[in-house]
Amino acid sequence: ETGVTQTPRHLVMGMTNKKSLKCEQHLGHNAMYWYKQSAKKPLELMFVYNFKEQTENNSVPSRFSPECPNSSHLFLHLHTLQPEDSALYLCASSLGGSIDNGYTFGSGTRLTVV
Amino acid sequence: DQQVKQNSPSLSVQEGRISILNCDYTNSMFDYFLWYKKYPAEGPTFLISISSIKDKNEDGRFTVFLNKSAKHLSLHIVPSQPGDSAVYFCAASLLTGANNLFFGTGTRLTVIP
């Protein structure tokens, strides 16, 4: 499978639940990103990983915990979320952090916190 | 404070006519700009980009214009086709520093057959 794959596509969770979002890419990219898209807001960068090392945490609350076990996989662990965390969570990847051809995005996980 | 702005949330254009999507930015340090296209239930896909050393970049029906003095860029689609109906995001980047794309809120383009 090519491109960036995100699972699940949709997730409904209670505020006391723990869940994880998964992202996988087979493009040979070595930088991966989590973005959040809330209604009527621009995409917001959450985390950046370069060669499995976290290089940016954009002031994200600790209830979001990223994990990057290798250059092809990225997880976002969620716990004790709030209803305002409901959003579309997008994973992206790029080659060596280069943006010349932009990032390749997954289709996203639509998260609803109830 | 939003550094990349797309002030038109929506735009409707007749098939065959030109679509012009606009984007403004506030940070004069941005030196690379991109347009993404997003269909429902899909992630954004890269469309076209432009470096700050250029004022125009063309790829088929898509042309991006950059006016650095006005901190403004635009995407022209001509001729517009119904398949172009999507949300278009403008993004800007600092080539140096942390990997980050600053996105606008998007403009929903509807091309009417």
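The notes below deal with the structure included here. All figures in this text were calculated on a predicted structure; none of them were measured in a lab. (Residues numbered from 1 in each chain as written. Chains lettered and ligands numbered in written order. Predicted model: local features only at pLDDT ≥ 70, side-chain atom pairs only at ≥ 80, totals over all residues. Heavy atoms only, no water.)

Quick look at the packing of aromatic side chains
In step 1: Inspection of the entire model under this criterion finds 12 aromatic pairs over all chains.
In step 2: Judged by centre distance (5.5 Å) and plane angle (85 degrees), the rings of Phe-105 of chain A and Tyr-36 of chain B are edge-to-face. Here Tyr-36 of chain B lies in strand β4 (residues 32–38) and Phe-105 of chain A lies in strand β10 (residues 104–105), a pairing that spans two chains. Here Phe-105 of chain A matches Tyr-36 of chain B in class, with each residue buried. (Phe/Tyr/Trp six-rings, centres within 6.5 Å; stacked < 30°, edge-to-face > 60°. Helix = DSSP H or I, 4+ residues; strand = E, 2+ residues; numbered from the N terminus. Buried < 20%, exposed > 50% of the residue type's maximum accessible area, 1.4 Å probe, protein only.)

Overview of the state of the cysteines
In step 1: A full pass over the atoms with the stated rule returns two disulfides over all chains.
In step 2: Disulfide partner of Cys-23 of chain A: Cys-91 of chain A, at an S-S distance of 1.9 Å. Residues Cys-23 of chain A and Cys-91 of chain A are joined through a disulfide that is left-handed, its torsion about the S-S bond being -75 degrees. Of the two residues, Cys-23 of chain A sits in strand β3 (residues 18–25) while Cys-91 of chain A sits in strand β9 (residues 87–94), which places them 68 residues apart along the sequence.
In step 3: A sulfur-sulfur distance of 2.0 Å marks the disulfide that ties Cys-23 of chain B to Cys-90 of chain B. Torsion about the S-S bond of the Cys-23 of chain B and Cys-90 of chain B cystine: about -75 degrees, corresponding to left-handed handedness. Residue Cys-23 of chain B is found in strand β3 (residues 19–25), and its partner Cys-90 of chain B is found in strand β9 (residues 86–93); the two are separated by 67 residues along the sequence.
In step 4: Looking at Cys-23 of chain B, the relative accessible area reads 0%, which means it is buried.
In step 5: Accessibility expressed as a relative area gives 0% for Cys-90 of chain B, which makes it buried. (Disulfide = S-S within 2.5 Å.)

Some words on the interface of chain B and chain A
The extent of an interface is frequently quoted as the accessible surface area lost upon association of the parts.
In step 1: Across the contact, 21 residues belong to chain B and 23 residues belong to chain A.
In step 2: Summed over both partners, the interface of chain B with chain A buries about 1,600 Å², with 57% contributed by carbon and sulfur atoms.
In step 3: Taken together, the links from chain B to chain A amount to four residue pairs in polar contact (both at pLDDT 80 or more).
In step 4: The set of elements that each furnish at least two residues to the side of chain B that touches chain A consists of β4, β5 (45–51), β9 and β10 (101–103) of chain B.
In step 5: The leading source of residues in the side of chain B that touches chain A is β4 of chain B, at four residues. (Contact = heavy atoms within 4.5 Å. Buried area = accessible area lost by both parts, 1.4 Å probe. Polar contact = N/O pair within 3.5 Å; in protein donor to acceptor, adjacent residues only side chain to side chain.)

Let's talk about the pattern of salt bridges
All names here are of chain A.
In step 1: Under the criterion given, the structure shown has three salt bridges over all chains.
In step 2: The partner of Lys-22 in a salt bridge is Glu-24, with the nearest N and O atoms 3.8 Å apart.
In step 3: Classification of Lys-22 as partly exposed rests on a relative accessible area of 30%.
In step 4: Glu-24 gets classed as partly exposed once you look at its relative accessible area, which sits at 22%.
In step 5: One salt bridge connects Asp-85 with Arg-63, and the closest N-O pair in it is separated by 2.7 Å. One end of the pair, Asp-85, is in the loop between β8 (73–79) and β9; the other, Arg-63, is in the loop between β6 (53–57) and β7 (64–70), with 22 residues separating them in the sequence. (Salt bridge = Lys/Arg side-chain N within 4 Å of Asp/Glu carboxyl O.)

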